[in-house]
Amino acid sequence: MYTYHMEAILLTDILTDIFSGSARSDILIKGDRIARIAPAGTLRGSGEVPSGTRTVDCAGKAAVPGFVNMHTHAAMSLMRGIQEDVQFTKWIDNIWKIESRLDSDFVYWGTKAAVLEMIMTGTTTFNDQYWFSPAAHRAAVEMGIRPVISYVVLDKNNEEEARRQMDQCERMYAESLSWKDGSMFAMAFHAIYSVSEKMILWTSDFARKHSLKLHIHLSETSGEVKDCREAHGGLTPVEYLDRLGVLDENVIAAHSLWLTDNDIDILGRRRVNCVHNINSNAKLASGYRFLYNELRDAGANVCIGTDGCASSNNLDMLEAMKTSALFQKAWRMDSAAMPLDELLSAATGNGAKALGMDTGRIEEGALADILIVDTRNTFFLSPGSFLANFVYSAHSDCIDSVICGGRFVMEHREVAGREEILEGARKVLKQITV
Ligand SMILES: [Zn+2]
């Protein structure tokens, strides 16, 4: 369990200048924060290191901020490969049918399996949107990483369902006030095509009233935009939500793929957080021309997510970073598009900013969410920068250890409880036999 603690860890001789140089440092972690970063070899034995500090020799390794996966449906980790080569509308109808058979046990074990994978691929914070969210919360917290758990509104214009969801949401919010584990409660409505206008407004008001983030799917497909224009007097989904007064800097808009110039202007002015999910978009043939430069220049905060495993098939943020950059460079025919420094920010600091969390950077005072990457393999046998090799050459299995909130959640590729998670997840798989 994540609780406040005061143990200290000293990482010695670790590469911290990951962009270009070779500067190595000692990093002192006290409790859940990075207390001190100093040139390698200067902290050990100094008066700054408390007695009883655990020292970890990191020669040959590099420190990278833990990834912030800004859009996923964790428990869908047990739905990989069940809907392949299918168009979006058919895909989502089938998914909803399958989801009607799930229970909290499925979500608990599905989230555990997802978090196991997230830890092994370097994610320390994730923004989740799924059913039975108390079970997802419990699963993530037990494993020591930081979830953002939303209550998802999806009423499909059914008033009785809307009333049930409002009551359930009020109860869950009240419960979340007792969370003391570093996780965050948020609001979500699925999308404009699956939620009534009344409930879009209710969800947005609830989020504002309680200072909560609002996590939505937005302009994911061209069909969504076309249907919205027909239903709402020519307005795009972005224009429609702006007319309702929903968009602001607390909104996390997954996909944001099919946008007009006016949409980009609105998302920029409202400082909306737009989450790019390239693997999901490309696989479901929703599109690939994500308007990264345009959104960034307009003032939107662009982040990266994986989406759920029913469409993206894995939760690997390193893979999502690489694919994002490759698609940007390719469709723009511009090899300078989405440069490495911006790519890393989109996968770390920008997500932290969207959530208002003090993570996504390796700096004194920040939360100690650190990936320890082993460079002693062929992928890093190069005079090129660490980051270039990490993103474009290596795979996430070069992530040797992961620290979240000042605690090791993986050491030398070992995650506690791995076998039990695989066993538990296998048992609930029968709920989705296809
Ligand atoms: Zn999604």
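Basis of the calculations
- Residues numbered from 1 in each chain as written.
- Predicted model: local features only at pLDDT ≥ 70, side-chain atom pairs only at ≥ 80, totals over all residues.
- Heavy atoms only, no water.
- Helix = DSSP H or I, 4+ residues; strand = E, 2+ residues; numbered from the N terminus.
- Buried < 20%, exposed > 50% of the residue type's maximum accessible area, 1.4 Å probe, protein only.
- Contact = heavy atoms within 4.5 Å.
- Areas by Shrake-Rupley, 256 points an atom, 1.4 Å probe, with all protein chains shown as cover.
- Lys, Arg positive; Asp, Glu negative; His and termini not counted.
- Charge placed at Lys NZ, Arg CZ, Asp CG, Glu CD.
- Polar contact = N/O pair within 3.5 Å; in protein donor to acceptor, adjacent residues only side chain to side chain.
- Donors = N, O, S within 2.8 Å, 3.2 Å for Na, K, Ca; no water.
- Tetrahedral: all angles 85-135°; square planar, octahedral: opposite > 155°, others 65-115°.
- Pairing = 2+ DSSP bridges.
- Axes fitted to C-alpha atoms, helices over the stretch in contact; angles between N-to-C directions.
- Domains from an automatic or database assignment.
- Buried area = accessible area lost by both parts, 1.4 Å probe.
- Salt bridge = Lys/Arg side-chain N within 4 Å of Asp/Glu carboxyl O.
- Expected span 1.5 Å × (residues − 1).
- 1 Å grid on protein atoms, 1.4 Å probe; cavity = no way out; pocket = protein on both sides within 12 Å on 5 of 7 lines; lining within 4 Å.
- Points joined across faces, edges and corners; volume = space filled by probe spheres on them.
- Nonpolar A, V, L, I, M, F, W, Y, C, P; charged D, E, K, R; others polar.

**Q** Explain the overall build of the chain residue by residue, including any values.
**A** Regarding its fold elements, the chain presents 15 helices and 16 strands. The C-alpha extent of the chain, read off along each of the three principal axes, is 70 × 45 × 40 Å. In the chain, which comprises 434 residues, the proportion classed as buried is 61%. Restricting the contact set of the chain to residue pairs at least 6 apart, pairs at least 24 apart contribute 72%. When the accessible surface of the chain is totalled, it reaches about 17200 Å², and 51% of it is carbon and sulfur. In the chain, which carries 44 positive and 57 negative side-chain charges, the distance between the mean positions of the two groups comes to 1 Å.

**Q** Mind laying out the side chain of D248, listing which residues take part and the relevant values?
**A** Looking at the element boundaries, D248 is found in the loop between α7 (237–243) and β11 (251–255). At 3.0 Å, the side chain of D248 and the side chain of R208 are in polar contact. If sequence neighbours within four positions are ignored, D248 has contacts with R208, R270, R271 and V272.

**Q** Quick one: what's the story with the environment of A139, residue by residue and with numbers?
**A** Looking at the element boundaries, A139 is found in helix α3 (residues 133–143). By relative accessible area, A139 is classed as buried at 0%. Between the C-alpha atoms of A139 and V115, which are 24 residues apart in sequence, the distance is 8.0 Å. When neighbours within four sequence positions are excluded, A139 is seen to be in contact with Y108, T111 and K112.

**Q** Tell me what's going on with the side chain of T121, and back it up with residues and numbers.
**A** For T121, the position within the fold is in the loop between α2 (104–120) and β7 (123–128). Among all residues touching T121, those that are not within four sequence positions of it are F67, L315, D316, S396 and I399.

**Q** Can you tell me about the coordination of the zinc ion, naming the residues and giving the values?
**A** Here the zinc ion is held by H71 (NE2), H73 (NE2), H217 (NE2) and D307 (OD), and the distances to it run 2.1 to 2.4 Å. Classification of the site at the zinc ion as irregular follows from its four donor atoms and the range of 85 to 175° in their angles at the metal. The sequence motif formed by the donor residues of the zinc ion is H-x1-H-x143-H-x89-D. Taken together, the residues H73 in the loop between β6 (67–72) and α1 (88–99) and H217 in strand β10 (residues 214–218) connect sequence positions 144 residues apart. The class for H217 is buried, based on a relative accessible area of 5%.

**Q** Please give an account of the sheet that holds strand β13 (residues 301–304) that cites residues and values.
**A** Strands sit in the order β6-β7-β8-β9-β10-β11-β12-β13 across an open sheet of eight strands; the sheet is parallel. This sheet does not close on itself; its edge strands, each paired only once, are β6 and β13. Mean inter-strand twist for the sheet, computed between neighbouring axes without regard to direction, equals 25°. Pairing analysis gives four bridges linking β7 to strand β8 (residues 146–153), with the strands arranged parallel. Bridge pairing links T125 to R146 in β8. Against the sheet, helix α4 (residues 159–176) engages β8 and β9 (184–189), with an angle of about 160° to β8.

**Q** Lay out the domain arrangement of the chain with the relevant residues and their values.
**A** Size of an interface, as often reported, equals the accessible area lost when the parts are brought together. By domain assignment, the chain separates into domain 1 (8–65 + 361–418) and domain 2 (67–355). Its C-alpha centre places domain 1 at a distance of 30 Å from the equivalent point of domain 2. Counting residues at the interface gives 25 residues for domain 1 and 24 residues for domain 2. When domain 1 packs against domain 2, the two sides together hide about 2100 Å² of surface, and 73% of this comes from carbon and sulfur. Remark: the boundary between domain 1 and domain 2 carries one salt bridge. A salt bridge links R146 to D369, with the nearest nitrogen and oxygen atoms 2.5 Å apart. At the surface where domain 1 touches domain 2, the tally comes to five residue pairs in polar contact (both at pLDDT 80 or more). When residues of the side of domain 1 that touches domain 2 are traced back to their parent elements, those giving at least two are β5 (61–65), α14 (386–393), β15 (399–404) and β16 (407–410). At five residues, the largest contribution of residues to the side of domain 1 that touches domain 2 is made by α14.

**Q** I'd like a description of helix α11 (residues 317–332), backed by residues and values.
**A** When the terminal C-alpha atoms of α11 are compared, their 22 Å separation across 16 residues agrees well with the 22 Å that a helix rising 1.5 Å per residue should span. Residues of α11 that are buried: M317, L318, A320, M321, T323, S324, A325, Q328, K329, W331 and R332. Residue D316 occupies the N-cap position of α11, its side-chain oxygen lying 2.9 Å from the main-chain nitrogen of L318. A positive phi of about 50° marks M333, the residue just after α11.

**Q** Give a detailed account of the layout of surface pockets, specifying residues and quantitative values.
**A** In this structure, the largest pocket occupies an estimated 500 Å³ of space. As for the largest pocket, its lining consists of 20 residues, of which W131, E161, R164, Q165 and Q168 are closest to the centre. Elements with a contribution of two residues or more to the lining of the largest pocket: α1, α3, β8 and α4. The element best represented in the lining of the largest pocket is α4, accounting for five residues. Across the lining of the largest pocket, the residue classes break down as 10 nonpolar, five polar and five charged.

**Q** Could you give an account of empty space enclosed by the protein, naming the residues involved and the relevant values?
**A** For the structure shown, the criterion picks out one cavity of 30 Å³ or more. Considered as a void within the structure, the largest cavity measures approximately 220 Å³ in volume. It is α1 that contributes the most residues to the lining of the largest cavity, six residues altogether. For the lining of the largest cavity, the per-class residue count stands at 12 nonpolar, seven polar and three charged.

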